[in-house]
Amino acid sequence: GVDGGALRASLAEAAAGRVASALVADDEHTLEVSVAGAGRWVVRSWNREWTGGPDGVRCWHLIPAGGAAEVPSGRPDGWVHPVVGMLRPDLLPVWGRGEDDYEPIRVVEGLFGPAQVVLGRAGDDEAVGTLHLDARRWLCTALELPGQSWTMTQFTSP
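Only a predicted model underlies this, so the values are computations on that prediction, with no experimental measurement involved.

### Thoughts on the overall build of the protein chain
Across its full length, the protein chain holds 1 helix and 11 strands. The globule rule puts the C-alpha radius of gyration for 158 residues at 15 Å, and the 16 Å found for the protein chain is close to it. In terms of overall dimensions, the protein chain has a C-alpha envelope of 45 × 35 × 30 Å along the principal axes. Considering only contacts within the protein chain whose residues lie at least 6 apart along the sequence, 36% involve residues at least 24 apart. Of the accessible surface of the protein chain, which amounts to about 8,300 Å², a share of 50% is contributed by carbon and sulfur atoms. Taken as two groups, the 13 positive and 21 negative side-chain charges of the protein chain have centres that lie 6 Å from each other.

Pasting the structure below:
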């Protein structure tokens, strides 16, 4: 594999104070994702809303007729919903850190910088996934891993 440390550091630096939202589609749903600096984030699906930040992680069950009921999140403080990684790619489990399931095998350069990171399972050089980067905005536009496919369909930043 390649050392993705420098690339991950650049992504982390760009995303640290990011205030943005995105729509991310998987095979079944579209998720709304927002980040607001200081580690704050919100992920909303058709029936759940997750929030995270310095004050911990909370989860609500959204009720179709309107309103929401808080439910136990079952997640430790500091947990971040995986799809937040589309706006903060340094958080994705793809950099070969101790807890990561995947690691970069090679980085494909595009016109504006790194365009694609080819991913293998940790400790294995066989390609099993790809991370597509927008190198001008330093965010992930698509992530393909075994059993998981996310595509950013909209990005908004004030």
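### A word on the pattern of salt bridges
Throughout the structure, instances matching the rule amount to 7 salt bridges. In this structure, Arg44 engages Glu32 in a salt bridge whose closest nitrogen and oxygen atoms are separated by 3.1 Å. Residue Arg44 is found in strand E3 (residues 41-44), and its partner Glu32 is found in strand E2 (residues 30-36); the two are separated by 12 residues along the sequence. Under the relative-accessibility criterion, Arg44 is labelled partly exposed at 31%. Counted as one network, the salt bridges with shared partners bring together Glu32, Arg44 and Glu49.

### Section: the sheet that holds strand E6 (residues 68-71)
With respect to topology, 11 strands assemble into an open sheet ordered E6-E5-E4-E3-E2-E1-E11-E10-E9-E8-E7, the strand pairing being antiparallel. Among the strands making up the open sheet, the edge pair consists of E6 and strand E7 (102-110). On average, adjacent strands in this sheet sit at an angle of 20 degrees to one another, irrespective of strand direction. Strand direction decides the pairing type here: E7 and strand E8 (residues 113-121), joined by 8 bridges, are antiparallel. Its bridge partner being in E8, Gly110 is matched across the sheet by Gly113.

Thresholds, definitions, all that
Residues numbered from 1 in each chain as written. Predicted model: local features only at pLDDT ≥ 70, side-chain atom pairs only at ≥ 80, totals over all residues. Heavy atoms only, no water. Helix = DSSP H or I, 4+ residues; strand = E, 2+ residues; numbered from the N terminus. Rg over C-alpha atoms; globule rule 2.2 N^0.38 Å. Contact = heavy atoms within 4.5 Å. Areas by Shrake-Rupley, 256 points an atom, 1.4 Å probe, with all protein chains shown as cover. Lys, Arg positive; Asp, Glu negative; His and termini not counted. Charge placed at Lys NZ, Arg CZ, Asp CG, Glu CD. Salt bridge = Lys/Arg side-chain N within 4 Å of Asp/Glu carboxyl O. Buried < 20%, exposed > 50% of the residue type's maximum accessible area, 1.4 Å probe, protein only. Pairing = 2+ DSSP bridges. Axes fitted to C-alpha atoms, helices over the stretch in contact; angles between N-to-C directions.

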